[in-house]
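Overview (structure and organization)
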Amino acid sequence: MKRGIRLESKQEIIVWSKVGCSYCDEIRSYLEEKGLSYQIIDVTHHDDRRDILAIKYGIRHVPVVEIGQNNVYKAVTEVGIEYVEKALAVVLNN
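For every chain, the first residue of the written sequence is number 1, and numbering continues from 1 along that sequence. Given that this is a predicted model, residues contribute local features only at a pLDDT of at least 70 and side-chain atom pairs are listed and counted only at 80 or more, while totals for whole chains, interfaces and linings are drawn from all residues. Side-chain measures here rest on the full set of heavy atoms in the structure, leaving out hydrogens and waters.

Overview of the overall build of the protein chain
Think of it this way: any DSSP run of H or I at least four residues long counts as a helix, any run of E at least two long counts as a strand, and we number them from the N terminus. Counting its secondary structure elements, the protein chain contains three helices and four strands. In the protein chain, the order of α-helices and β-strands from amino to carboxyl end is β-α-β-α-β-β-α. Classification of residues uses two cut-offs on accessible area relative to the type maximum, computed with a 1.4 Å probe and protein chains only: under 20% is buried, over 50% is exposed, and between them is partly exposed. In the protein chain, buried positions account for 36% of the 94 residues. Look at the contacts in the protein chain between residues 6 or more apart in sequence, and 58% of them connect residues 24 or more apart. We call two residues in contact whenever any of their non-hydrogen atoms come within 4.5 Å of each other.

This is how it looks when you write it as structure tokens:
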């Protein structure tokens, strides 16, 4: 049985991504290696979803990783695993 890291109750991870994005693939692989569950919001062919990113964070690029609970999320908009690791470390250490 594969064991994963258990986030604080009701913590969620949402990955905004698109097909063919190597950075998005890297994020998903990282989360899977850590045993963390996540949801995907695919922006491929969905400009309206990119519009949501623009409204929420002032960007239209992916990946964006949202970590939070009860509809309150911290977004990682910088590209690179190190930024996701840092955000997760804060959540996991609380």
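From this point, the discussion proceeds with the structure in view.
Digging into the confidence of the model for the protein chain
Every residue gets a pLDDT, meaning the predictor's confidence in that residue, from 0 to 100. Taken as a whole, the protein chain shows an average pLDDT of 87; of its residues, 86% reach a score of 70 or greater. Here helix α3 (residues 81-92) stands out as the element of the protein chain with the lowest mean pLDDT, 87, in contrast to strand β2 (residues 39-42), whose mean of 96 is the highest. In the model, residues 1-6 has pLDDT below 50 throughout and makes eight contacts with residues more than four positions away in sequence or in other chains.

Some words on the pattern of salt bridges
One side-chain nitrogen of Lys or Arg within 4 Å of one carboxyl oxygen of Asp or Glu is enough to make a salt bridge. Counted by the stated rule, this structure contains three salt bridges. D51 is paired through a salt bridge with R60; the nearest N and O atoms lie 2.5 Å apart. In this structure, K56 engages E66 in a salt bridge whose closest nitrogen and oxygen atoms are separated by 2.7 Å. Within this pair, whereas K56 is found in helix α2 (residues 47-57), its partner E66 is found in strand β3 (residues 64-69), the two being separated by ten residues in sequence. Given the relative accessible area of 42%, K56 is considered partly exposed. Residue E66 is classed as buried on the basis of its relative accessible area of 2%.

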